[in-house]
Amino acid sequence: MYMKSKIHAKSQEKFLSNLLRSFGQDIGIDLGTANTLVYVKNRGIVINEPSVVAINTKSRQVLAIGQEAKTMVGRTPAHIVATRPLVNGVVSDFEVTEQMLKYFINKVTQRGFFHHWKTRVVVGIPSGVTEVEKRAVYDATRNAGVREVYLIEEPIAAAIGARLPIQEATGSIIVDIGGGTTEIAVMSLGGVVISKSLRVAGDKLNNDIIRYIRTHYKLAIGERTAENIKINIGSAYALSESMEMGVKGRDIISGLPKEVKVNDTDIRKAMANSIMQIASAVKTSIEETPPELIGDIMERGIILAGGGALLKGLDILITNTTRIPTLITSDPLTVVVRGTGMVLEDLDSLKELLIPLDINKKPNISI
């Protein structure tokens, strides 16, 4: 009788779970330092906005989130701060991160507690984070009112999004260069063989440019200007044709506005140390990879993903450093969130790739 009752209870729970799933929404989130992307099952990528929140420091009221908040960076009065609630890929301000997640989830789901309670979410996080940092992401997402939260390491999500055969008995390597972290992972048979996480990525390159311009041109510039310089003339390897652009800022000696011309050689020098750290980490990962997998990697190549993959000449530099062909995946900016979406499409068979946390157990459902 006990066994029959237990089987009946499990059957009821499974039926109720499937019923909720049929009415609910599945959401994949790439919770990035620079940008947050949201995928909704059967709709695709519906949000791609900066991970920026504008806050009134006097009242702690959130004034704007996403693109609207980013336009306020460097242009607000003293009591209004446009801040990033994630630093180096991890939550630095729990309450603000929760507010940001609620905003994005509300934007793509129907309003109301019941609709949120039916929602399942898969969130991509850096591979090098601690248990406390994992818990912070889980809690912030769960507190947005969703039913189930699953966490997946970003390089695994990126590999799935890039359609690498990571569940087969063959070696694959992916390098995901985001805003706050660079994630390197060698994978085979559905598991990570070698994993490295560097807190050297897009934001670090921006800061390198800011410091270089200040030191060599005595010009103070902001993050947005540095990012524009990196995108327009930044490179990791010497270009076939020289490029330059005008940069406006504040003369740190006179305090007055000033414009200077900078070229690709200047910016390459500015970023050289950080870029070599990334290339060296990739080389080290290759050196630590079991010999049986090296042949597969040489045949398939090193796959670059994330916004940093778009830096001119980075694929050439890594190819020269590792002697392995390096390729940029299609649409590298969205590859992680596309991977979370593919996990949602086949969650039952891909669950083994998720981070195994007790907190990911389904809550008890009572009627």
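Scroll up to find the structure this text is about.
Residues numbered from 1 in each chain as written. Predicted model: local features only at pLDDT ≥ 70, side-chain atom pairs only at ≥ 80, totals over all residues. Heavy atoms only, no water.

Caption draft 1: A look at the pattern of salt bridges. Tallying each qualifying case throughout the model produces 14 salt bridges. Here Lys-134 makes a salt bridge to Glu-131, at a shortest N to O gap of 3.1 Å. A residue pair is termed a helical-turn pair when its members lie 3 or 4 positions apart in one helix, as Lys-134 and Glu-131 do in helix H5 (residues 131-142) at three residues. In this structure, a network of salt bridges that share partners links the residues Asp-26, Lys-41 and Arg-120. (Salt bridge = Lys/Arg side-chain N within 4 Å of Asp/Glu carboxyl O. Helix = DSSP H or I, 4+ residues; strand = E, 2+ residues; numbered from the N terminus.)

Caption draft 2: Representation of a nonpolar patch on the surface. Together, Leu-310, Ile-328 and Leu-333 give the surface a local cluster of nonpolar side chains, amounting to about 260 Å² of exposed area. Tracing the backbone through its elements, the reader meets Leu-333 in the loop between strand E18 (326-328) and helix H12 (335-345). Judged by relative accessible area, Leu-333 falls into the partly exposed class, the value being 45%. (Patch = residues over 30% accessible without salt bridge, like charges linked within 9 Å, V, L, I, M, F, W, Y side chains within 5 Å. Areas by Shrake-Rupley, 256 points an atom, 1.4 Å probe, with all protein chains shown as cover. Buried < 20%, exposed > 50% of the residue type's maximum accessible area, 1.4 Å probe, protein only.)

Caption draft 3: Representation of the packing of helix H7 (residues 202-217) against helix H8 (residues 223-233) within the structure. Running from N to C, H7 and H8 point in directions that differ by 100 degrees, and their axes come no closer than 9 Å. Relative to H8, the element H7 lies roughly perpendicular. Across the interface between the two elements, Gly-202, Leu-205, Asn-206, Ile-209 and Ile-210 from H7 touch Glu-223, Ala-226, Glu-227, Ile-229 and Lys-230 from H8. Grouping the constituent residues of the contact of H7 with H8 by class yields five nonpolar, two polar and three charged. (Axes fitted to C-alpha atoms, helices over the stretch in contact; angles between N-to-C directions. Parallel < 35°, antiparallel > 145°, perpendicular 65-115°, else oblique. Contact = heavy atoms within 4.5 Å. Nonpolar A, V, L, I, M, F, W, Y, C, P; charged D, E, K, R; others polar.)

Caption draft 4: View of H7. Counted at 1.5 Å a residue, the expected span for H7 with its 16 residues is 22 Å, and the 22 Å between its end C-alpha atoms agrees. Every buried residue of H7 is accounted for by Gly-202, Asp-203, Leu-205, Asn-206, Asp-208, Ile-209, Tyr-212 and Ile-213. Remark: Lys-218 follows H7 within two positions and exhibits a positive phi of approximately 50 degrees. (Expected span 1.5 Å × (residues − 1).)

Caption draft 5: Quick peek at the pairing of strand E2 (residues 35-40). With respect to burial, E2 is a largely interior element, five of its six residues being buried. Pairing analysis gives five bridges linking strand E1 (residues 26-31) to E2, with the strands arranged antiparallel. By the bridge assignment for E2, Asp-30 is matched with Leu-37. As consecutive antiparallel partners, E1 and E2 are separated by three residues. Relative to strand E3 (residues 44-50), E2 is paired through six bridges, and the arrangement is antiparallel. Across the sheet, residue Thr-36 finds its bridge partner in E3, namely Glu-49. Here E2 folds back onto E3, and the loop between the two strands holds three residues, one of which, Asn-42, carries a positive phi near 75 degrees. (Pairing = 2+ DSSP bridges.)

Caption draft 6: Examining the side chain of Asp-203 more closely. With respect to the secondary-structure elements, Asp-203 resides in helix H7. In this structure Asp-203 comes out as buried when scored by relative accessible area, which is 18%. Residues within four places of Asp-203 in sequence aside, it is in contact with Thr-33, Arg-84, Gly-179 and Gly-180.

Caption draft 7: Spotlight on the environment of Leu-256. Tracing the backbone through its elements, the reader meets Leu-256 in the loop between strand E15 (244-251) and strand E16 (257-263). Overall, Leu-256 belongs to the exposed group, its relative accessible area being 53%. Counting along the chain gives 37 residues from Leu-256 to Leu-219, while the straight-line C-alpha distance between them is 9.8 Å. Setting aside anything within four residues of it in sequence, one finds Leu-256 in contact with Gly-249, Arg-250 and Asp-251.

Caption draft 8: Geometry of the sheet that holds E1. Sheet architecture is open: five strands sit in the order E3-E2-E1-E9-E10, paired in mixed fashion. Since the sheet does not close on itself, it has two edges, and those belong to E3 and strand E10 (148-153), each with one partner. With direction set aside, neighbouring strand axes in the sheet form an average angle of 20 degrees. In the packing of H5 onto the sheet, contacts are made with E1, strand E9 (120-125) and E10, and the angle to E10 comes to roughly 145 degrees. Against the sheet, H12 contacts E1, E2, E3, E9 and E10, and its axis sits at roughly 155 degrees relative to E1.

Caption draft 9: Structural view of the sheet that holds strand E17 (residues 302-305). Judged by pairing direction, the sheet is mixed, and its five strands sit side by side in the order E13-E12-E11-E17-E18 without closing on themselves. Edge positions in the open sheet fall to strand E13 (191-198) and E18, since each of these has one partner strand only. Strand-to-strand twist across the sheet, computed as the mean angle between neighbouring axes with direction ignored, equals 20 degrees. In this structure, strand E11 (residues 172-177) lies alongside E17, joined through four bridges in parallel fashion. In the strand pairing of E17, Val-175 is matched with Leu-304. Where helix H9 (residues 264-288) meets the sheet, its contacts fall on E11, strand E12 (182-188), E13 and E17, and the angle it forms with E13 comes to roughly 155 degrees.

Honestly, that's just the spatial picture; any functional story needs more than this.
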